[in-house]
Amino acid sequence: EHPVPEILVGNGRVRREVSVLQCLDLFARRESVHWTCGTCHSAVTASKVLGVTRHPFVLIMHLQRFCFQGGVKTKRHDVVSFPSRDLVFFPNKGGAPLRYNLFAFIEHSGAVDEGHYVAVCHNPEAGAWLRFNDHVITPIGGSLPDTVRSAEVYMLFYQLQPDHV
């Protein structure tokens, strides 16, 4: 289990930082579910486990940025770190590791009920990263760092490396 570190930001506030690997671990973690049987009306406790049975060629991760806390819809501002290449993914825990490279991500800025989406995508023909902000397309100089950190990342798009296809 990965600890979730806290980092100090402006005004003495604390923000958590989590890696996308921690997010994948949380996704696949066994959890108890309590429900009432619709047939016999008895209380039941079961366990639920999510997983990936076959490796996808394109791995799309939708991060849970919006949640309910105390009945109020809120946005999570945790910093998420994610690799730009060589994301090691184990479908069906214990299977052969697969490696993925990032080819795009989407960021959301703003609040729960309003905001703005920006896409950052890799153009393999030009070997360049581009930022799509409405009608403005801006090249990002050079390559992305090995690990990208963002408090606004919302979706990640990875492609299976060619030697794993």
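Before reading on, note that the structure itself is shown above.
Keep in mind that what you see is a predicted model, and the values were worked out from it rather than measured.

**Some thoughts on the packing of aromatic side chains**
Reasoning step 1: Under the definition given, this model contains three aromatic pairs.
Reasoning step 2: A ring pair is formed by F103 and F157, whose centres lie 6.2 Å apart and whose planes are at 55°; its orientation type is tilted. On the criterion of sequence distance, the pair formed by F103 in strand β10 (residues 98-110) and F157 in strand β15 (residues 153-160) is long-range, its members being 54 residues apart.

**What about the pairing of strand β7 (residues 72-75)?**
Reasoning step 1: Here four bridges tie strand β6 (residues 66-69) to β7, and the two strands are oriented antiparallel to one another. Looking across to β7, one finds that F68 is bridged to K73.
Reasoning step 2: If you look at the hairpin formed by β6 and β7, you'll find two residues sitting between the two strands, and G70 has a positive phi there, around 65°.

**Here we look at unusual backbone geometry**
Peptide bonds are trans in most cases, and residues, glycine excluded, mostly fall at negative phi.
Reasoning step 1: Phi is positive for H41, which is not a glycine, with a value near 60°.
Reasoning step 2: Under the relative-accessibility criterion, H41 is labelled exposed at 60%.
Reasoning step 3: Positive phi, normally seen in glycine, also occurs at D134, with a value near 55°.
Reasoning step 4: What makes D134 exposed here is its relative accessible area of 59%.

Rules and cut-offs
Residues numbered from 1 in each chain as written. Predicted model: local features only at pLDDT ≥ 70, side-chain atom pairs only at ≥ 80, totals over all residues. Heavy atoms only, no water. Phe/Tyr/Trp six-rings, centres within 6.5 Å; stacked < 30°, edge-to-face > 60°. Helix = DSSP H or I, 4+ residues; strand = E, 2+ residues; numbered from the N terminus. Pairing = 2+ DSSP bridges. Buried < 20%, exposed > 50% of the residue type's maximum accessible area, 1.4 Å probe, protein only.

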